[in-house]
Structure formats: C-alpha cells, structure tokens
Amino acid sequence: MGAVADYFANIRDAVRTTLTGLKITSRHLWTQPPITVEYPDVDVEATLPARYRGFLVNEVEICTGCLACAKACPIDIIYIEVERDEATKERMLRRYDIDLGKCMYCGLCLEPCPTGSIHFTPRFEASTTNLGDLYHQFVERGPLPIYKNPKAPGGAADSEE
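Since we're looking at a predicted model, the values are computed, not measured.

**Q** I'd like a rundown of unusual backbone geometry, residues and numbers included.
**A** The omega torsion of the bond from Y39 to P40 falls at 5°, within 30 degrees of zero and hence cis. Among the secondary structure elements, P40 is positioned in the loop between helix 1 (2–31) and helix 2 (44–47). You will see that D76, though not glycine, has its phi angle at about 55°, which is positive. Turning to its location among the elements, D76 is positioned in the loop between helix 3 (68–72) and strand 2 (78–84). Residue Y105 is not a glycine yet carries a positive backbone phi of 55°.

In structure tokens, the structure reads:
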C-alpha cells in the first residue's frame, strides 16, 4: 500500500505546485505592467535604463590618448595610435578603433578614462551579416590633436594663472 500512497501523494504535490505556479503567474499577469514591448513599434531606446550597455563609442574630441582604456580591456579590442607632430610638437591621435564584434561589454575600459570620452550609448541594433561593420574607426579625417585636460598639471588652467 505504500507505493499506492506515494503515487497519490506525488499527484497531490504536482497539482499543488502547479496551482502555486498559476497563482504567481496570474498575479503578475493582472497586477504588473508588461515587461516586454512591441518592438519595433515602440521606441525601445527611450525605455532603457541610464546605465544600459549598448554600443561603445569614443568622443575623440575629448580623448587624452592616455591608452588607459586599451590597457584595461581584457580582450584587447581597442586600438590606439598616438604620434607627435614634428612641426607643432603636439601629440596627435592618429588612430582610435574599437572592434565591437569582439567586445564583451564588460565596461572595464570606461573606468580609467580621465575625461569620460569612452562610454556606452543606448543604441543596440547591431545585427549585420558582415563582421567588418562592427569595426568602428573614430579618427576618420587624419590625426586629431590630443585633448588637454584643463585640470591636469600643465593644462589650460595652469597656463591662465
């Protein structure tokens, strides 16, 4: 008789746990706002949290070329070349590339940036059939002068004094 009693006990437990699951589901179904949105009819980027990790971009106008982001990247997807202009003796940003096809969106490159030039955007639509489309070059029209942080020693704030 023990096997028959276990059989019916298992059926009772299955019914009880199923009803518990249905109770939780119905509570969320009727009292919680929908979690999903009807993409692409709804502007999904407007609904994303402020710290969402979409595409990684660099505002090269305020990049100091310190290489801290490239050194912090655990999989080496940030490529930076800095050169010194012989005529002006000024440091120039020759290349700043990010291979988003390899990026794991860990955000470790953002932390050491002194100016906050590298950051995530809410843009997330990256589907492509060509991996080369995910290779972003931020210095497009020749070398750019390196941004000099005015608060850094030797910056613009020191020269005004």
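**Q** Now, about the packing of aromatic side chains: what can you tell me, with residues and values included?
**A** Counted under the stated rule, the structure contains 5 aromatic pairs. Ring centres of Y39 and F124 lie 6.0 Å apart, and the angle between their planes is 55°; this geometry places the pair in the tilted category. One end of the pair, Y39, is in the loop between helix 1 and helix 2; the other, F124, is in the loop between strand 4 (118–120) and strand 5 (135–137), with 85 residues separating them in the sequence.

**Q** Explain the pattern of salt bridges to me, and be specific about the residues and the numbers.
**A** Considering all chains together, one arrives at 6 salt bridges under this definition. Between K102 and D99 there is a salt bridge, with its nearest N and O atoms 3.8 Å apart. Taken together, the shared-partner salt bridges in this structure form one network comprising E81, R95 and D97.

Here is what the cut-offs are and how they apply
Residues numbered from 1 in each chain as written. Predicted model: local features only at pLDDT ≥ 70, side-chain atom pairs only at ≥ 80, totals over all residues. Heavy atoms only, no water. Helix = DSSP H or I, 4+ residues; strand = E, 2+ residues; numbered from the N terminus. Phe/Tyr/Trp six-rings, centres within 6.5 Å; stacked < 30°, edge-to-face > 60°. Salt bridge = Lys/Arg side-chain N within 4 Å of Asp/Glu carboxyl O.

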